[in-house]
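Here's the letter readout for the chains.
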Amino acid sequence: MQDSDVKNIDVLTLLPQRPPFVMIDRLTHYDEVVTTTCFTVREDNIFLEEDGVLNPCALVENIAQTCAARMGYINLHVHGEHVKLGFIGSVKRLQVIRPARQGEVLTTSIEVTQEMMQLTMVLAEVKVGDEIIATGEMRIAETDIDAIN
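A few points on the structure. (Residues numbered from 1 in each chain as written. Predicted model: local features only at pLDDT ≥ 70, side-chain atom pairs only at ≥ 80, totals over all residues. Heavy atoms only, no water.)

Summarising the element assignment, Pro-19 is placed in the loop between α1 (3-6) and β1 (26-30). Classification of Pro-19 by relative accessible area gives exposed; the value is 57%. (Helix = DSSP H or I, 4+ residues; strand = E, 2+ residues; numbered from the N terminus. Buried < 20%, exposed > 50% of the residue type's maximum accessible area, 1.4 Å probe, protein only.)

This part takes up the pairing of strand β2 (residues 34-40). Of all seven residues in β2, five are buried; the element is thus mostly enclosed. Two elements, β1 and β2, share four bridges in a ladder whose sense is antiparallel. Considered in β2, the bridge of Leu-27 is made with Thr-37. Note that β2 and strand β4 (residues 105-116) share seven bridges and pair antiparallel. Bridging across to β4, Val-34 finds its partner in Glu-111. (Pairing = 2+ DSSP bridges.)

Right, let's talk about a negative patch on the surface for a bit. Among the surface-exposed residues, Asp-3, Asp-5, Asp-31 and Glu-32 lie close enough to one another that they form a single negatively charged patch. Its place among the elements puts Asp-3 in helix α1. (Patch = residues over 30% accessible without salt bridge, like charges linked within 9 Å, V, L, I, M, F, W, Y side chains within 5 Å. Areas by Shrake-Rupley, 256 points an atom, 1.4 Å probe, with all protein chains shown as cover. Salt bridge = Lys/Arg side-chain N within 4 Å of Asp/Glu carboxyl O. Lys, Arg positive; Asp, Glu negative; His and termini not counted. Charge placed at Lys NZ, Arg CZ, Asp CG, Glu CD.)

Below, the discussion takes up the sheet that holds strand β6 (residues 131-146). Read across the open sheet, the six strands follow the order β1-β2-β4-β5-β6-β3; overall the sheet is antiparallel. A strand with exactly one partner marks an edge of an open sheet, and here the two such strands are β1 and β3 (84-96). Ignoring which end each strand starts from, the neighbouring axes of this sheet average 25° apart. Relative to β6, β3 is paired through nine bridges, and the arrangement is antiparallel. Across the sheet, residue Val-91 finds its bridge partner in β6, namely Met-138. Running at roughly 50° to β6, helix α2 (residues 56-78) makes contact with β1, β2, β3, β4, β5 (119-128) and β6 of the sheet. (Axes fitted to C-alpha atoms, helices over the stretch in contact; angles between N-to-C directions. Contact = heavy atoms within 4.5 Å.)

Next comes the structure, spelled out in structure tokens:
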């Protein structure tokens, strides 16, 4: 599928999360190694603090949901199955260089470094424009449990 085609997919069909806990707006790129999403930090975000700064926990969830969008895409569009539930197995070397702010558009990319059975390890990078604001490693464990959409 071309990047222009993945951009037209309703991200809610790929994720088990539901508003107000959805931390990505759109899948912008998918291939077997790299997946990219975008997300606009809006004023009604549940992680937005009074000073207009996004709590760093939201960046972890944004990375995890980028992983979930990748797995949802594979389950739904590659294998023709249901979206499955997954869980964060671990977060390593998380570096939040600066917090995101209201109105900013986050571009999050994950690169798969290893997959075995139902465990996926990724390197993640979150950017605002060309500025890297967070990096880290994450392990995601996928279950056999269908997400209820």
